[in-house]
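# An overview of the molecular structure
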Amino acid sequence: MDQEGFRKAAHAVVEHIIEYNSTLPNRPVLPKIQPGYLRDLIPSNAPEQPEPWPLIQADVESQIIPGLTHWQSPNFMAFFPALVTYPSLLGEMYSAAFTAPAFNWLCSPACTELETIVMDWVAKALALPDCFLSTSSGGGGGVIHGSASEALVTTMVAARERYLRVRADAEGLRNGTMERDDRIAFLRGRLVALSSDQAHSSTQKGALITGTRYRSISTSLSEDLSLTAPRLEEALQQCHADGLEPYYLTLTLGTTSTCAVDDFASIATLRSQYPNLWIHIDAAYAGAALILQVYQAQYSQDIGRVSDSFNFNMHKWLLVNFDASCLFVQNRNHLTRALSINPSYLQNSFTESGLVTDYRDWQIPLGRRFRALKIWFVMRSYGVEGLRTHVENSLRVGETFTAMVVERRDLFEIIATPRFALTCLRLRPDVAAAARMKQRQVNEKIYMSGDTELPHPRSDRIASLGASDTGEGQMLKVDAQSNLPGHDGAEQAS
Ligand code: PLP
């Protein structure tokens, strides 16, 4: 494809994207296809001869779009929001055009420098304490990862290495000795990562990847599913009694199931007793709410007091498309000490000068995408004010929805305190039982009449609420997001 071909094709793609967005409200959210549908439509070998772009693009509409779940549909309410806006898309276009896997500063200085600047912008917009800024005296800073899970496992490696180093140093074991290596290998087998039973599974997966153990700490509905200091202390003591060494704890701001928030303030009071325990805050979804003063006042100071690292996904609720997971650390040296390896082909005078950031040492892969551009574009296009308006609108939709559910208390009950834009509800058990009974009678009637096609047992009403698995009596999670097909989110959210 030459320049002229690209111009034509790109214009056609932009038109198609706009048309797709404007027709989204009328498209069913879920695809009506069977597993393996694409095998019947696409040849099993790549074409030998080049194909013209219009033919390829036509297949997007006829073969790909029918197999999509439309996350950007205003009717999509499952899982969590994964928003996209036009400024963000433009960032992706430039990023792809520049394709500069800027693992070192030298690879493309603008990529690194813009990332450092926009991460400070984001930290300030969320009113994170100054210790997370790149300019902080303690060595803080932010880096963009692809996902919350990736950010978490990266900090786990830093935490593990810090823990083992501190322990070996405290025992007076000299670097480079067999004795130290043996001791570290022994201790590594005793390390355990902790989180509440409400935390996202990424902590358990991170423990798998880092070769350490994992224990979850139970929470209770009476404490709003939040991890508290007494429960944590009990778990820590139990670990020690079992000969285990807790080195990592995930706290959550907005758990996946109900948006519960762990008790940062009470847990912060334990910090001095466990200085070697790395505390990470996973705020994958709800971190975006810190754009609002009301949440900043509630959480920001405690986040600084309790955590070594904090992470949230702009690609969930803050108008930047996947992927843009922002990780902030209080001391970047823990990451770089754990992850920096310097083969000769990566060495250069700028790195040696100590004046530049090489983000390869803050992450697992070497190469990296130029994600800062889309964050820069979104923050400039909407302004922090626009982002606030967007989040406020989502919260208002959530409140309205909660009020509607409360009004129908004859049918529904809310089963966890609504938080952020999330309402968790279920059909009242007596209503569910009656519906099941009625359904059974209908099914029996159909069976007696010889019709084997049983109707779907879910009520239309529940299905139209849109969650992923919403059989009667099961929990339904409704995340009141402003999905913004074809519109600028901050202006249109309602
Ligand atoms: N943490 C929480 C609280 C989540 O809700 C999720 C996903 O929904 C994740 C982590 C995982 O996010 P990612 O897909 O970015 O790894």
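Note that the structure is a prediction, hence the values are computed from the model and not measured.

This paragraph deals with the UniProt feature "modified residue: N6-(pyridoxal phosphate)lysine" (unreviewed entry) in the chain. UniProt marks Lys 316 with the feature "modified residue: N6-(pyridoxal phosphate)lysine" (unreviewed entry), using the numbering shown here. Assignment of secondary structure puts Lys 316 in helix H11 (residues 314-317). Those residues in contact with Lys 316, other than ones at most four positions away along the chain, are Phe 80, Pro 81, Ala 82, Ala 284, Tyr 285 and Ala 288.

Of all residues adjacent to the ligand, which total 15 residues, the nearest are Ser 147, Ala 148, Ser 149, His 200 and Ala 284. Within the shell around the ligand, the residues separate by chemical class into four nonpolar, 10 polar and one charged.

Most peptide bonds are trans, and most residues other than glycine sit at a negative phi. Going from Phe 322 to Asp 323, the amide bond is cis rather than trans, its omega being 10°. Mapped onto the fold, Asp 323 is located in the loop between H11 and strand S7 (325-329). Although it is not a glycine, Ala 127 adopts a positive phi angle of roughly 55°. Relative to the assigned elements, Ala 127 resides in the loop between helix H4 (109-125) and strand S1 (141-145).

Turning our attention to helix H12 (residues 332-339). Every buried residue belonging to H12 is among Arg 332, His 334, Leu 335 and Ala 338, and all of these are buried. Summarising the axial view, the buried residues of H12 lie within an arc of 160°, below the 170-degree limit, and thus occupy one face.

What follows deals with the pairing of strand S5 (residues 278-282). A regular strand places its side chains on the two faces of the sheet in alternate fashion. By the criterion of burial, S5 is predominantly enclosed, with five of the five residues buried. The side-chain alternation of S5 yields two buried faces, one formed by Trp 278, His 280 and Asp 282 and the other by Ile 279 and Ile 281. In terms of strand pairing, strand S4 (residues 245-252) meets S5 through five bridges, oriented parallel. By the bridge assignment for S5, Leu 251 is matched with Ile 281. Both S5 and strand S6 (residues 309-313) contribute to a ladder of three bridges, which runs parallel. The partner of Ile 281 across the bridge, within S6, is Phe 310. Read from S5 through helix H10 (residues 293-306) to S6, the crossover connection turns out right-handed.

Let us look at the environment of Lys 205. Structurally, Lys 205 is set in helix H7 (residues 202-210). Accessibility expressed as a C-beta count within 10 Å gives 15 for Lys 205, which makes it partly exposed. Sequence separation of Lys 205 and Tyr 20 is 185 residues, and the distance between their C-alpha atoms is 36 Å.

Moving on: the sheet that holds S4. The mixed open sheet is built from seven strands, whose spatial order is S1-S7-S6-S5-S4-S2-S3. Each edge of the open sheet is held by one strand with a lone partner, namely S1 and strand S3 (213-217). When strand polarity is set aside, the average angle formed by the axes of neighbouring strands in this sheet is 20°. Strand direction decides the pairing type here: S1 and S7, joined by five bridges, are antiparallel.

What follows is about the pairing of S3. Note that strand S2 (residues 191-196) and S3 share five bridges and pair parallel. Each residue of the ladder has a partner; that of Ala 193, found in S3, is Tyr 214. A crossover links S2 with its parallel partner S3, the connecting element being H7, and its sense is right-handed.

Basis of the calculations
- Residues numbered from 1 in each chain as written.
- Predicted model: local features only at pLDDT ≥ 70, side-chain atom pairs only at ≥ 80, totals over all residues.
- UniProt positions renumbered as here; feature names shortened; annotations may be inferred.
- Helix = DSSP H or I, 4+ residues; strand = E, 2+ residues; numbered from the N terminus.
- Contact = placed C-beta atoms within 7 Å.
- Near = placed C-beta within 6 Å.
- Nonpolar A, V, L, I, M, F, W, Y, C, P; charged D, E, K, R; others polar.
- Buried ≥ 20, exposed ≤ 12 C-beta atoms within 10 Å, placed from the backbone.
- Arc of directions from axis to C-beta.
- Pairing = 2+ DSSP bridges.
- Right-handed = clockwise from strand over helix to strand, strands pointing away.
- Axes fitted to C-alpha atoms, helices over the stretch in contact; angles between N-to-C directions.

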